[in-house]
Amino acid sequence: MALFLHSKLLHDHLPFMLLVFFSLGACRLHASDPPLTLDYYASTCPTVLETVRKEMECEVQSDPRNAAMILRLHFHDCFVQGCDGSILLDDTMTLEGEKKASANRNSLKGFEIVDRIKNELESECPGIVSCADILTIAARDAVILVGGPYWDVPLGRKDSVTASRALSDSNLPTPDENLLSVISKFLYQDLSVTDMVALAGAHTIGMARCASFRSRIYGGFAATSGHDPASESHLNSLKSICPPKGADNNITAMDYETPNLFDNSFFHILLKGEGLLNSDQEMYSNVFGIETKQLVQKYAAEPIAFFQQFSDSMVKMGNIANPDSFTTGEVRRNCRFVNT
Ligand code: HEM
Ligand SMILES: *[C@@H]1O[C@H](CO)[C@@H](O)[C@H](O)[C@H]1NC(C)=O
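Residues numbered from 1 in each chain as written. Chains lettered and ligands numbered in written order. Predicted model: local features only at pLDDT ≥ 70, side-chain atom pairs only at ≥ 80, totals over all residues. Heavy atoms only, no water.

Things to note about the pattern of salt bridges
Overall, the coordinates contain 17 salt bridges when judged by the stated rule. Close ionic contact of Lys-316 with Asp-195 constitutes a salt bridge, the shortest N to O distance being 2.6 Å. With Lys-316 in helix 15 (residues 303-318) and Asp-195 in helix 8 (residues 193-200), this residue pair connects regions lying 121 residues apart in the sequence. Residue Lys-316 is classed as partly exposed on the basis of its relative accessible area, which comes to 38%. Using a relative accessible area of 2% as the deciding quantity, one classes Asp-195 as buried. Bridged by salt links that share partners, the residues Asp-90, Lys-99, Asp-115 and Arg-336 form one connected network. (Salt bridge = Lys/Arg side-chain N within 4 Å of Asp/Glu carboxyl O. Helix = DSSP H or I, 4+ residues; strand = E, 2+ residues; numbered from the N terminus. Buried < 20%, exposed > 50% of the residue type's maximum accessible area, 1.4 Å probe, protein only.)

Written out as structure tokens, the structure is:
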């Protein structure tokens, strides 16, 4: 039954997958775009890194979940029109933002943190640092502040003057999606299967809502969890947080072992069959996920390999460009609104 289901999914998605492979590279490379550089603000706003770091230190100290919120914001920014701050735009009379897209509504948080950093930077170097760059630096700092790896952040992104609710709905992966479909969304961004597994390791911090894991706990958590006797009681505690109906916004940690620490325990949890999100567990348990399963095992066994790949993949994700941003892009004064 399960096998039938999977091969049907494979069959349904194959034409789409081929399409994705063919279009790769064709529209994503923009040789004429000025490249991002590490010293982009060296003369125009030399304090930028220090300012972002200080603000993030306060934010994460007051609540470690703030690190998770910022990291996810950056991801949801980059997967829609590239890393261009489009996620930060509020709805107005003339612009439909991305905040009400299904993956974001009632779920994305941390916008006030970006506002506070932006305010600080506007007083230090007005009109210089883009919101997209702020979010990219803040995400890096968020990871460090909860124990994760450091990486250098290339800078020089511009903020978009548009957002796309439609692309948010189509590009962002969802928790009840099957493995091939999630993979294709990463390939579409020029991110590999290796990038995907490493980046999903971000779920070593942060919370998910009942609405995001209900089908997982009522539709076969035990079936994929294998032989771990601890699973049953863990499953029951999840059910008490998340009833079959209602309490959609009740939350629990995706990494119940070390919820506020950026480590590789997320992968240990997948080995036990206890991934909270269906999409996460699929990386280890889907019968077609041979490569993803090997990567999960590798990152569970080798924390340093995970940190190294996560850093590299974060740079890659952070470099997804909005092709329009070098012509129509700007440095927003307020991250929530395009300049007038
Ligand atoms: C692989 C596909 C992915 C799927 C299907 C997925 C899905 C989700 C879902 C459903 C949640 C919980 C949201 C809620 O219930 O409100 C979540 C949270 C989170 N995601 Fe992902 N995600 C994926 C990849 C990523 C990536 C690539 C990153 C960053 C590099 C990331 C970072 C986070 C973080 C940090 C949280 C916790 C946010 C918080 O505590 O507020 N995710 N994700
Ligand atoms: C929400 O979760 C808490 C435990 O964190 C639980 O006590 C409460 O009953 C849950 N709400 C519902 C409606 O199940």
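A look at the UniProt feature "active site" (unreviewed entry) in the protein
Residues annotated in UniProt with the feature "active site" (unreviewed entry) correspond here to His-76. Classification of His-76 by relative accessible area gives buried; the value is 3%. Contact partners of His-76, with chain neighbours within four places excluded, come to Ile-87, Ala-103, Asn-104, Leu-108 and Leu-172. (UniProt positions renumbered as here; feature names shortened; annotations may be inferred. Contact = heavy atoms within 4.5 Å.)

Considerations on the site of ligand 2
Within the structure, ligand 2 sits among Ser-240, Ile-241, Pro-243, Ala-247 and Asn-250. Separating an oxygen atom of ligand 2 from a side-chain N or O atom of Asn-250 is a distance of 2.3 Å. Coverage of ligand 2 by the protein amounts to 39% of the 360 Å² it exposes when considered alone. Taken together, the residues of the shell around ligand 2 sort by class into three nonpolar, two polar and no charged. (Near = heavy atom within 4 Å. Polar contact = N/O pair within 3.5 Å; in protein donor to acceptor, adjacent residues only side chain to side chain. Areas by Shrake-Rupley, 256 points an atom, 1.4 Å probe, with all protein chains shown as cover. Nonpolar A, V, L, I, M, F, W, Y, C, P; charged D, E, K, R; others polar.)

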